[in-house]
Amino acid sequence: MWIADLRIVLPDRVLPRGAVRVEDGCIVEVIEVPSFGTRPAALTLIPGLVDLHGDMIEKEVEPRPDCAFPLEVAVGNLDARLAASGVTTAYAGVSFAEGKRGLRSEERARAMVEALARLRGQARTDLRVHARFEITNDRAEPVLRDLLARRMVDMVSLTDHTPGQGQYRDVEQYVAYSARAHGHAPEEAEARARARMAAPPAWEVARAVTELARAQGLPIASHDDDTPAKVALMRSLGATISEFPVTLEAARAAREAGMATLMGAPNALRGQSMTGNITAASVLEAGLLDALAADYHQGAMLPAAIGWVREGRLPLHAAIALLTANPARAAGLGDRGVIAAGRRADLVLLDVSEAQGAPPPRVRAVWREGRMIHSDGWTGMADAVAEAA
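Okay, so let's go over this structure. (Residues numbered from 1 in each chain as written. Predicted model: local features only at pLDDT ≥ 70, side-chain atom pairs only at ≥ 80, totals over all residues. Heavy atoms only, no water.)

Observations concerning the environment of A319
Inclusion rule: Secondary structure elements are taken from DSSP: a helix is a run of H or I of four residues or more, a strand is a run of E of two residues or more, and numbering for both begins at the N terminus. For every residue, the accessible area obtained with a 1.4 Å probe (protein chains only) is divided by the maximum for its type, and the residue is called buried under 20%, exposed over 50%, and partly exposed between those limits. Between two residues, a contact is recorded if the distance between any of their heavy atoms is within 4.5 Å.
Along the chain, A319 falls in helix α13 (residues 316-321). Exposure remark for A319: the relative accessible area of 0% places this residue in the buried category. The residues touching A319, leaving out its near neighbours within four places in the chain, are A305, V309 and L314.

Right, here's the structure in full:
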């Protein structure tokens with residue numbers, strides 16, 4: 001199959017007009033086609049997006065409080081949304097929080113991981129499990145040990161949402177957020193904050209979990225690092241990715257420790273952190289940003305990166321690398337993330353302009369290993385795709 005008459009985003013530049021040949025799920029040839037003064041290529045081809053941190057599965061399972069959907073329905077809906085957003089590899093975040101009842105309980109988390117593993121072969125996207133271990137939750141260790149032993153986990157992150165540090169350094173802000181997000185009365189929110197602050201971190205459990213993950217060669221991430229000391233601790237536990245550092249000092253320490261720094265695409269798109277911490281743009285300006293992740297909305301990824309191109313912050317190929325090549329490298333996925341011979345044919349056909357004020361980028365079609373997994377039905381795509389003779 002040839003995908004032709006396109007602008008093609010390569011790792012280091014953009015081909016104004018070119019074609020890609022795909023065989024057996026892999027890219028076998030990329031060629032540049034002279035324009036000879038003809039019309040510019042109408043569409044742009046980029047690698048499939050690699051999302052290392054997406055929290056959407058929990059909202060798909062329970063879109064409203066106490067209204068749980070069947071896991072098969074939730075996973076199918078998430079998979080379709082990811083494909084339509086250009087994501088071909090997705091690490092779905094599943095939280096193992098402090099023994100909570102409901103959605104973020106250990107047993108509910110186990111059920112979600114098992115459902116993801118069971119349905120993975122039916123998914124459009126390469127749907128993986130990102131196990132988020134809350135370090136104050138020693139009850140999660142046996143569950144995580146079991147899931148890791150059964151090879152159902154693809155990435156582990158160490159999270160600490162204790163008020164007074166990390167994401168919630170401002171305790172009053174945490175109380176206000178808890179009241180707003182969960183409908184708690186101010187007194188109840190304050191009591192919850194005090195209880196969380198009293199819970200001791202289970203560092204030995206965290207070490208045991210990361211040792212299991214490292215033995216399997218899984219990527220390990222820290223979460224909401226706020227100080228160089230926290231970065232150093234997480235690095236000693238095997239973390240190679242720093243997710244959403246909340247200060248520039250922490251982001252700089254992560255870079256010096258050889259960790260990849262990842263920020264949220266919603267932060268980049270909105271130009272602000274939802275909890276008042278540093279912006280993704282400030283990390284970019286400091287030269288410390290390696291990748292963007294969906295965080296809580298997969299639809300933010302392409303608009304955020306293209307928005308930075310339109311603002312003149314990055315050239316197109318560098319902005320796309322934040323969503324593709326860089327996260328793939330951070331996760332150890334050497335077979336994808338760039339358009340080059342020998343790589344997986346995970347590809348996105350994009351209708352996009354870099355002009356200020358242009359409409360948001362639109363995903364026209366998506367292929368995973370050469371198989372189309374999404375199309376918006378645009379008839380003009382017939383001009384861009386031709387079967388090999």
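So, the environment of A293
Residue position: A293 is located in strand β12 (residues 291-293). Here the alpha-carbon distance between A293 and L323, two residues 30 residues apart in the chain, equals 7.2 Å. Ignoring sequence-local partners within four residues, the contact set of A293 consists of D51, H53, L262, M263, G264, A265, P266 and M301.

As for the pattern of salt bridges
Selection rule: The salt bridge definition used is simple: a Lys or Arg side-chain nitrogen within 4 Å of an Asp or Glu carboxyl oxygen.
Scanning all chains against the criterion turns up 29 salt bridges. Here D351 ties to R364 by a salt bridge, and the two come within 2.8 Å at their closest N and O atoms. Placement of D351 in strand β13 (residues 347-351) and of R364 in strand β14 (residues 362-368) is noted, with a sequence separation of 13 residues between them. Here D351 falls in the partly exposed class, since its relative accessible area comes to 26%. When the shortest N-O distance is used, the salt bridge between R362 and D376 registers 3.2 Å. One end of the pair, R362, is in strand β14; the other, D376, is in the loop between β15 (371-375) and β16 (385-386), with 14 residues separating them in the sequence. Given the relative accessible area of 45%, R362 is considered partly exposed. Through salt bridges with shared partners, one network takes in R120, D126, R128, D154, D335 and R336.

A word on the nonpolar core
Applied cut-off: By convention a nonpolar core is built from buried Ala, Val, Leu, Ile, Met, Phe, Trp, Tyr and Cys residues, the set being connected through side-chain atoms within 4.5 Å.
Counting residues in each nonpolar core, the largest one holds 86 residues, and the members touching the most others are F96, L292 and W308. Per-element accounting of this core gives the leading share, 7 residues, to helix α12 (residues 301-310). Apart from the residues lying within four places of it in its own chain, the contact partners of W308 are A268, A280, A281, L284, L289, L292, R313, L314 and L322.

Overview of unusual backbone geometry
For D5, which is not a glycine, the phi torsion comes out positive at approximately 60°. Checked against the element boundaries, D5 lands in strand β1 (residues 2-9). You will see that F244, though not glycine, has its phi angle at about 55°, which is positive. Taking relative accessible area as the criterion, F244 reaches 11% and is therefore assigned buried.

Focus on the sheet that holds strand β5 (residues 49-54)
Within a beta sheet, neighbouring strands are joined by backbone hydrogen bonds and run either parallel or antiparallel to one another. Put simply, the test is: A pair of strands is considered paired only if DSSP assigns at least 2 bridges between the two. Note on definitions: angles span 0 to 180 degrees between N-to-C directions of axes, and those axes are lines fitted to C-alpha atoms, for helices only across the stretch in contact.
Judged by pairing direction, the sheet is parallel, and its 8 strands sit side by side in the order β5-β6-β7-β8-β9-β10-β11-β12 without closing on themselves. Here the strands that pair on one side only, and so sit at the sheet edges, are β5 and β12. Geometrically, the sheet is characterised by an average inter-axis angle of 25° between neighbouring strands, direction not taken into account. Here 3 bridges tie strand β8 (residues 155-159) to strand β9 (residues 220-223), and the two strands are oriented parallel to one another. Counterpart to S157 in the pairing with β9 is A221.

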